[in-house]
Amino acid sequence: MLRLQNLTKTFGVLTAVDDVTLDVPTGQMLGIIGRSGAGKSTLLRMINRLGDATSGSILFEENGDAVDVNALKGRALLNWRTHCAMIFQQFNLIPRLNVISNVLMGRINYNSTLKSLFTLFSPEERALAIRALDRLDVSAQALQRADTLSGGQQQRVAIARALVQEPKIMLADEPIASLDPRNAGIVMDALRRINREDGITVICNLHTLDTAKKYCDRLVGMKMGKVVYDGDPMALTDELARDIYGVGEGGEDEEFSVAVTSTSLGQKNTATNVRRMRQ
Amino acid sequence: MSVRLENLTADDVRVERERFPRVFSATPRELALRWLVWGSTALILLYGLYHFGFFSQRFIHGFTKLSVMAGQLFPPAGWQYMPQFLHSMAETLAMAFLGTLIGATFAIPLGFLASKNMFPVRVLQFGFRRFSDVLRSADYLIWALIFVRAIGLGPLPGIMAIAIVDTGTLTKLYSEAIENIDRRQIEGIRASGGNWYQVVRFGVLPQVLPVMLSNALYMFESNTRAATILGIVGAGGIGFELSDALRAFEFDRACLIIIMIIIVVYFIDFFSKRIRERFIRGDSFQQGAEESVSLRVGS
């Protein structure tokens, strides 16, 4: 169980994340929605400790032990980062390295610095990396340079890298925002499968509602750093969704529709989409 | 089918090795090539050192002489010449500054003319590129010697030498910067109906100006160092004082001049680095800063 308590992060006078308290049970697929700037990325980055919290605490409880994530330093901090793998919107692969080397980056913390600097990964780790690529259906590209792959393939390589970290939590920061609907669907299916089959907790920032509703066990809505919704995806009404996305306040999202989609091609659920758009 | 290291058997590893042999080990050819490259590099180095006498008695004895000379450097002396030294130092700085300024100014139009994407007449573009190669192919020292012969002693030949080499070097750097620009910004201007001048002004200049300024500043930095050497061949400035002291075997006076040069070069480096950082920064927001900016826009 991951417990966030009164978590706050400020940048100067701006409060990006404002007093967030959340309990995420092990094995849950949690979606965080909200418009850009709502503090979703900042929240995820705090969990991985890429950014430090201004106040509040992050506790990770497992087998009766509780780890105070904000207090971790040195070796323990690096281990924590390995155990909560991060997936980025822009994939954050190393373009000039081949796919298999990129996946093996997920093993660096399991090897001594010297070994990893000379890329001396064990045969078992190499086999593991191939298996991870197999699972995401990109093993055929194993020896290609990462920058020769399409966006969807690159994101799957990034997920394979996260997988070989053998994480307990996977944090996905807008994993499909740079992808076309078909690839977005493949990536979300993969995350969902990893969540179900491996029991890895997945926390996923999304900005489209239909994707969040389709894939997540639970939704958290954020607005200006605060949690404004926390509950069942199906219980999220259009009214609440409008509030989360701030429609009618900024005036820039006048065309907001809950049917805005990023993972479906529109053919399967045409009836529901049309019905939603008419509303 | 959870992927975990502990679940992998030796059989699994064998199967994967058969599927993807190159993931597990380099091919014999790659290995041979790697050894060839490293081996021949080491061989060339060792032979070169041997050939030029690094392992000889003469080289080892030289160190004892060096230590005697080092002793003669201290304490620094010649403080009574300080006003003259300061004047020479100012002359050196002026040489570096004017030379760089002239070079950078000429390099801007030449940079455009020498870049493939901005100047489509390939023969002329190629010609400008080679012209800049010629300018910087000879070192400052050689140009300075030529100009000292032609127009006599003093800072003027030094300024000329620096301006010529800088025109060549900066033309090359500028044209490469122009060739590496982001094409999308040009397309944006072109799609709005912009002509060549408007494309250059709004699609290219905003991208390359920071690079140009920071390159010019770096050249000024390195020219301050180069200008001290130019004095030795008669182009005036602090280098002239230094060679004078060394020729008279007054190592303590030379030491004072060297200390002055180190201090000045350090300050120039420091300020130039600060200014260059200011130009380069501004496009590299951190993730957090980015989010706070979008928050500001959103709220």
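Residues numbered from 1 in each chain as written. Chains lettered and ligands numbered in written order. Predicted model: local features only at pLDDT ≥ 70, side-chain atom pairs only at ≥ 80, totals over all residues. Heavy atoms only, no water.

**Let's talk about the overall build of chain B**
Alright, step 1. Check the secondary structure of chain B and you find 13 helices and 0 strands.
Alright, step 2. Ordered by position from N to C terminus, the α and β elements of chain B give α-α-α-α-α-α-α-α-α-α-α-α-α.
Alright, step 3. Against the globule reference of 19 Å for 299 residues, chain B gives a C-alpha radius of gyration of 28 Å, more extended than a compact globule.
Alright, step 4. Projecting the C-alpha coordinates of chain B onto the three principal axes gives extents of approximately 85 × 65 × 50 Å.
Alright, step 5. In chain B, buried positions account for 36% of the 299 residues.
Alright, step 6. Taking the intrachain contacts of chain B between residues at least 6 apart in sequence as the baseline, contacts between residues at least 24 apart amount to 73%.
Alright, step 7. For chain B, the computed accessible surface area is about 18700 Å², with 68% contributed by carbon and sulfur atoms. (Helix = DSSP H or I, 4+ residues; strand = E, 2+ residues; numbered from the N terminus. Rg over C-alpha atoms; globule rule 2.2 N^0.38 Å. Buried < 20%, exposed > 50% of the residue type's maximum accessible area, 1.4 Å probe, protein only. Contact = heavy atoms within 4.5 Å. Areas by Shrake-Rupley, 256 points an atom, 1.4 Å probe, with all protein chains shown as cover.)

**A few points about the overall build of chain A**
Alright, step 1. Regarding its fold elements, chain A presents 10 helices and 10 strands.
Alright, step 2. Buried positions account for 53% of the 279 residues belonging to chain A.
Alright, step 3. A fraction of 68% describes how many contacts in chain A between residues 6 or more apart in sequence connect residues 24 or more apart.
Alright, step 4. Total accessible area computed for chain A in this model is approximately 12200 Å², and 51% of it derives from carbon and sulfur atoms.

**Some details on the sheet that holds strand β8 (residues 201-205) of chain A**
Residues and elements named next belong to chain A.
Alright, step 1. Taking strand neighbours across the sheet as the criterion, the 6 strands line up as β6-β7-β8-β3-β9-β10 in an open arrangement whose pairing is mixed. Of all the strands in the sheet, just β6 (84-87) and β10 (226-231) have a single pairing partner and so form its edges. If you compare each strand with its neighbour and ignore which way they point, the axes differ by 15° on average.
Alright, step 2. When β6 meets strand β7 (residues 169-173), the two strands line up parallel, connected through 4 bridges. If you follow Ala 85 over to β7, its bridge partner there is Met 170.
Alright, step 3. Helix α6 (residues 151-164) rests against β6 and β7 of the sheet, and its axis sits at about 170° to β6. (Pairing = 2+ DSSP bridges. Axes fitted to C-alpha atoms, helices over the stretch in contact; angles between N-to-C directions.)

**Some points on the pairing of strand β2 (residues 14-24) of chain A**
Residues and elements named next belong to chain A.
Alright, step 1. Summarising the sheet, strand β1 (residues 2-11) and β2 pair through 7 bridges and their orientation is antiparallel. Residue Phe 11 lies in a different strand from β2, and its bridge partner there is Leu 14.
Alright, step 2. From the end of β1 to the start of β2, which pair antiparallel, there are 2 residues, and Gly 12 there has a positive phi angle of about 60°.

**What about the nonpolar core?**
Across soluble globular proteins, you tend to see nonpolar side chains buried next to one another.
Alright, step 1. Ile 33, Leu 133, Met 170 and Leu 191 of chain A are the most contacted members of the largest nonpolar core, which totals 59 residues.
Alright, step 2. The element contributing the most residues to this core is α6 of chain A, with 7 residues.
Alright, step 3. Excluding anything up to four places from it in sequence, Ile 33 of chain A contacts Lys 40, Leu 206, Leu 209, Ala 212, Leu 219, Val 220, Gly 221, Met 222, Leu 236, Ile 244 and Tyr 245 of chain A.
Alright, step 4. Counting 37 residues, the second largest nonpolar core, distinct from the first, contains Ala 138, Ile 186, Met 212 and Val 233 of chain B. (Core = buried A, V, L, I, M, F, W, Y, C linked by side-chain atoms within 4.5 Å.)

**Notes on the confidence of the model for chain A**
Residue and element names in this part refer to chain A.
Alright, step 1. When pLDDT is averaged along chain A, the result is 86, and 88% of the positions lie at 70 or above.
Alright, step 2. Considering each helix and strand of chain A separately, the mean pLDDT is smallest for helix α10 (residues 270-278), with a value of 43, and largest for β8, with 95.
Alright, step 3. Residue range residues 250-255 is modelled with pLDDT below 50. Its contacts to residues more than four positions away, or to other chains, number 4 contacts.
Alright, step 4. Below pLDDT 50 for its whole length, residues 267-279 participates in 8 contacts with residues either more than four positions away or in separate chains. (pLDDT = per-residue confidence, 0-100.)

**Quick notes on a nonpolar patch on the surface**
Residue and element names in this part refer to chain B.
Alright, step 1. Together, Leu 46, Tyr 47, Tyr 50, Phe 52, Phe 54, Phe 55, Phe 59, Ile 60, Phe 63, Leu 66 and Met 69 give the surface a local cluster of nonpolar side chains, amounting to about 1200 Å² of exposed area.
Alright, step 2. Residue assignment for the nonpolar patch shows that the elements contributing at least two residues are α3 (28-51) and α4 (57-73).
Alright, step 3. Per element, the largest residue contribution to the nonpolar patch is 5 residues, and it comes from α4.
Alright, step 4. With respect to the secondary-structure elements, Leu 46 resides in helix α3. (Patch = residues over 30% accessible without salt bridge, like charges linked within 9 Å, V, L, I, M, F, W, Y side chains within 5 Å. Salt bridge = Lys/Arg side-chain N within 4 Å of Asp/Glu carboxyl O.)

**Details of the sheet that holds β1 of chain A**
Either a parallel or an antiparallel arrangement is found when strands of a sheet pair, and the pairing is made through backbone hydrogen bonds.
All names here are of chain A.
Alright, step 1. Across the sheet, 4 strands lie side by side as β2-β1-β4-β5; this open sheet has antiparallel pairing. One side of each edge strand has no neighbouring strand; the edge strands of this open sheet are β2 and β5 (65-68). With strand direction ignored, the average angle separating the axes of adjacent strands in the sheet is 20°.
Alright, step 2. Where strand β4 (residues 55-62) and β5 come together, 4 bridges link them in antiparallel fashion. Bridge pairing links Glu 62 to Asp 65 in β5.
Alright, step 3. Lying over the sheet, helix α1 (residues 40-48) contacts β1, β2 and β4, oriented at roughly 120° with respect to β1.

**Observations concerning the environment of Ile 275 of chain B**
All names here are of chain B.
Alright, step 1. Residue position: Ile 275 is located in helix α12 (residues 251-280).
Alright, step 2. A relative accessible area of 39% means that Ile 275 is categorised as partly exposed.
Alright, step 3. It is 32 Å that separates the C-alpha atoms of Ile 275 and Ser 243, two residues lying 32 residues apart in sequence.

**A word on the packing of helix α5 (residues 82-113) of chain B against helix α10 (residues 196-230) of chain B**
Residues and elements named next belong to chain B.
Alright, step 1. The geometry of α5 relative to α10 is characterised by a closest axis approach of 8 Å and an angle of 150° between their N-to-C directions. On the basis of the axis angle, α5 is roughly antiparallel to α10. Between α5 and α10 lies a crossing of right-handed hand. Between α5 and α10, the residues in contact are Thr 92, Leu 93, Met 95, Ala 96, Phe 97, Thr 100, Ala 104, Ile 108 and Phe 112 and Val 200, Val 204, Leu 205, Met 212, Ala 216, Met 219, Phe 220, Asn 223, Thr 224, Ala 227, Thr 228 and Leu 230, respectively. (Parallel < 35°, antiparallel > 145°, perpendicular 65-115°, else oblique. Left-handed = near helix turned anticlockwise from the far one by under 90°.)

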